[in-house]
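Commentary on secondary and tertiary structure
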Amino acid sequence: ADFIVGLTGGIGSGKTTVANLFADLGVVLVDADIVAREVVSPGSEGLAAIVKHFGADILLSDGNLDRSKLRERIFDNDEERLWLNGLLHPLIRETMLKKCKEAQSNYVIMVVPLLFENGLDRLVQRTLLVDISPQLQQQRTMARDDVSAKQVQNIIGSQATRAEKLSKADDVIDNQGEISALKCKVDALNSLYLKICGNT
Ligand code: ATP
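Residues numbered from 1 in each chain as written. Predicted model: local features only at pLDDT ≥ 70, side-chain atom pairs only at ≥ 80, totals over all residues. Heavy atoms only, no water.

1. As for the domain arrangement of the chain
Examined at the domain level, the chain breaks down into domain 1 (1–27 + 106–200) and domain 2 (34–104). Just the C-alpha atoms count here: the centres of domain 1 and domain 2 sit 25 Å apart. At the junction of the two partners, domain 1 supplies 9 residues and domain 2 supplies 7 residues. Of the roughly 740 Å² buried at the junction of domain 1 and domain 2 (both faces included), carbon and sulfur atoms supply 71%. By the criterion of area lost to domain 2, the three top residues of domain 1 are Ala1, Met110 and Leu123, representing 48% of everything that side buries. In this assembly, domain 1 and domain 2 are joined by 1 salt bridge. The shortest N-O distance in the salt bridge between Lys101 and Asp2 comes to 2.8 Å. Joining domain 1 to domain 2, the criterion identifies 4 residue pairs in polar contact (both at pLDDT 80 or more). Tallied by class, residues from the side of domain 1 that touches domain 2 come to 7 nonpolar, 1 polar and 1 charged. (Domains from an automatic or database assignment. Contact = heavy atoms within 4.5 Å. Buried area = accessible area lost by both parts, 1.4 Å probe. Salt bridge = Lys/Arg side-chain N within 4 Å of Asp/Glu carboxyl O. Polar contact = N/O pair within 3.5 Å; in protein donor to acceptor, adjacent residues only side chain to side chain. Nonpolar A, V, L, I, M, F, W, Y, C, P; charged D, E, K, R; others polar.)

This is the structure:
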């Protein structure tokens, strides 16, 4: 597909929930979190570069990347963090674009939590924000994960503000209501996207 919709939203906003409704309609999803793991999986070019740079003790005994060790190595170390980002960001970007290109649906949904923060909105034709209040973000994230209010607040604080995201997004799904209200909104956006990408 040549038409890519970038789907984003803060922690606990409902990106996965919304993306799955598009998938039910036959839209192919390309998920940044999955691609980020793929580019450092055993046998990958990314993992080879990390081992060359940090040494083989950055691996677990099963050959997988030791993520907590890597986090320690880049924590408080700008030079190492920049090196890692310089390796991973282009790899993730290229892999995602390749998957979008190969996808056999009329258009593709790229699910990217930090779409605006990392400038990936420049790679897509249209942006869709799943929007809820910070209060609901905290409530729903705490109900889903074993995290404290403080941890959720820190993550919200590290992401673009609600106002910034609202001002940048082409389309917005308000997910402050019931999950059952989402289907109808997704159907309407699907019709719009099919129209825009020229397939209806
Ligand atoms: P993250 O980026 O943190 O992984 P996300 O944006 O993908 O989150 P989801 O996992 O889809 O968000 O939703 C967060 C939680 O809120 C989930 O447990 C989900 O079931 C729940 N949820 C989503 N939408 C609603 C809703 N409208 N009402 C109540 N709960 C909801």
